[in-house]
Amino acid sequence: MCAQNGVQPFSHRCRVYYEDTDAGGIVYYVNYLKFMERARTERLRQLGFAQSTLAGEGLLFVVHSAEARYHAPARLDDELVISADVIELNRASLRFRQQVRRAADDALLCEGQFLVACVRADNLKPRAIPESLRHAFAGTQAPGLIAAGE
């Protein structure tokens, strides 16, 4: 079923530093995954949930699977805009669709999907996403969000 639609899609801005680039002067491919991880963390923070607080409550989010497609390179000093939108909300997991774009020209550099599982911190076994977090995600997504079990 579809969840409610509401607030604008989320994006996080960051700058490309020298340490992000490879010998060819472009962003090393694995660093796009780091940029997208940061955007997912900032998405949680924007919803009012800090990862450190969740971990203290015995809850962790771990990447179960990742898919990325690379379209164009980012370079030193580029400002990037990274989206982090939940497209599927299940009992114990979230599926994010993410894009990395260059701020100057809105060029799509990388896009991907990530299945993120909610697990118990003590044994890394799956656990249900807390209702407060489920409602926060369900209330701020674009039309078409799949919410399993609702």
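Just so it is clear, the structure is predicted and the values come from calculations on it, not from any experiment. Along each chain, residue indices are assigned from 1 in the same order as the chain's sequence is written. Given that the model is predicted, a residue must reach a pLDDT of at least 70 before its local features are reported, and side-chain atom pairs must reach 80 or more before they are shown or counted; all residues, however, enter totals for whole chains, interfaces and linings. Hydrogen atoms and water are omitted, and side-chain values are computed over all heavy atoms in the structure.

Topic: the overall build of the protein chain
So, step 1. Summing up its helical and strand segments, the protein chain has three helices and seven strands in all.
So, step 2. Labels follow the DSSP assignment, with helices taken as runs of H or I lasting at least four residues and strands as runs of E lasting at least two, numbered in each case from the N terminus. In sequence order, the secondary structure elements of the protein chain are arranged as β-α-α-β-β-β-β-β-α-β.
So, step 3. Using a 1.4 Å probe on the protein chains alone, a residue whose accessible area is under 20% of its type maximum counts as buried, one over 50% counts as exposed, and one in between counts as partly exposed. Considering the protein chain as a whole, with its 150 residues, one finds that 41% of them fall into the buried category.
So, step 4. Accessible surface, the protein chain as shown: approximately 8200 Å² in total, 51% of it carbon and sulfur. Per-residue and other accessible areas were derived by the Shrake-Rupley procedure at a 1.4 Å probe size, with only the shown protein chains allowed to occlude residues.

Things to note about the pairing of strand β5 (residues 93–102)
So, step 1. A pair of strands counts as paired when DSSP detects no fewer than two bridges linking them. Both strand β3 (residues 79–83) and β5 contribute to a ladder of three bridges, which runs antiparallel. Its bridge partner lying in β5, I82 is registered against V100.
So, step 2. Adjacent in sequence and paired antiparallel, strand β4 (residues 85–89) and β5 are bridged by three residues.
So, step 3. Where β5 meets strand β6 (residues 108–120), nine bridges bridge the pair, whose relative direction is antiparallel. Each bridged residue has a counterpart across the sheet, and for R97 the counterpart in β6 is Q113.
So, step 4. Hairpin connection between β5 and β6: a loop of five residues separates the two successive antiparallel strands, and D106 in this loop has a positive phi of roughly 60°.

As for the packing of aromatic side chains
So, step 1. Two rings from Phe, Tyr or Trp (for Trp, the six-membered ring) form a pair when their centres are within 6.5 Å of each other. A pair whose planes differ by under 30 degrees is stacked, one over 60 is edge-to-face, and the rest are tilted. Scanning all chains against the criterion turns up five aromatic pairs.
So, step 2. Arranged with centres 6.1 Å apart and planes meeting at 85°, the rings of F96 and F137 form a pair that is edge-to-face. Of this pair, F96 sits in strand β5 while F137 is found in helix α3 (residues 131–138), placing the two residues 41 residues apart along the sequence. Summarising the burial analysis for this pair, F96 and F137 share the class buried.
So, step 3. Just above the ring of F114 sits the side chain of R40; from NZ or CZ to the centre is 4.5 Å. Only when the NZ of Lys or the CZ of Arg is both within 6 Å of the ring centre and within 35 degrees of the ring normal is a charge said to sit over the ring.

Digging into the pairing of β4
Working note: regular strand, side chains alternate between the two faces of the sheet.
So, step 1. Among the five residues in β4, four count as buried, and that is most of the element.
So, step 2. When β4 meets β5, the two strands line up antiparallel, connected through four bridges. Counted as the bridge partner of E88 is R95 from β5.

Focus: the nonpolar core
So, step 1. Among the buried residues, those of types Ala, Val, Leu, Ile, Met, Phe, Trp, Tyr and Cys that are joined through side-chain atoms within 4.5 Å form a nonpolar core. Among the nonpolar cores identified, the biggest contains 33 residues, and Y32, F61, L80, I82, L94, V100 and F137 are the most heavily contacted of them.
So, step 2. Where this core is concerned, the elements lending two or more residues are α1 (29–46), β2 (59–70), β3, β4, β5, β6 and α3.
So, step 3. Every residue pair with non-hydrogen atoms within 4.5 Å of one another is taken to be in contact. Setting aside residues up to four positions removed in sequence, Y32 forms contacts with V27, Y70, A72, P73, A74, V100, L109 and C110.

Quick notes on a nonpolar patch on the surface
So, step 1. Patch membership needs two things, relative accessible area over 30% and no salt bridge, and members are linked within 9 Å if like-charged or within 5 Å if nonpolar (Val, Leu, Ile, Met, Phe, Trp, Tyr). Salt bridge criterion: a side-chain nitrogen from Lys or Arg within 4 Å of a carboxyl oxygen from Asp or Glu. A cluster of nonpolar side chains, namely Y28, Y29 and Y70, defines an oily patch on the protein surface of about 330 Å² accessible area.
So, step 2. For Y28, the position within the fold is in the loop between β1 (11–15) and α1.
So, step 3. Owing to a relative accessible area of 38%, Y28 belongs among the partly exposed residues under this scheme.

Thoughts on the side chain of N31
So, step 1. As for its placement among the helices and strands, N31 is situated in helix α1.
So, step 2. Exposure remark for N31: the relative accessible area of 6% places this residue in the buried category.
So, step 3. Excluding anything up to four places from it in sequence, N31 contacts E19 and D20.

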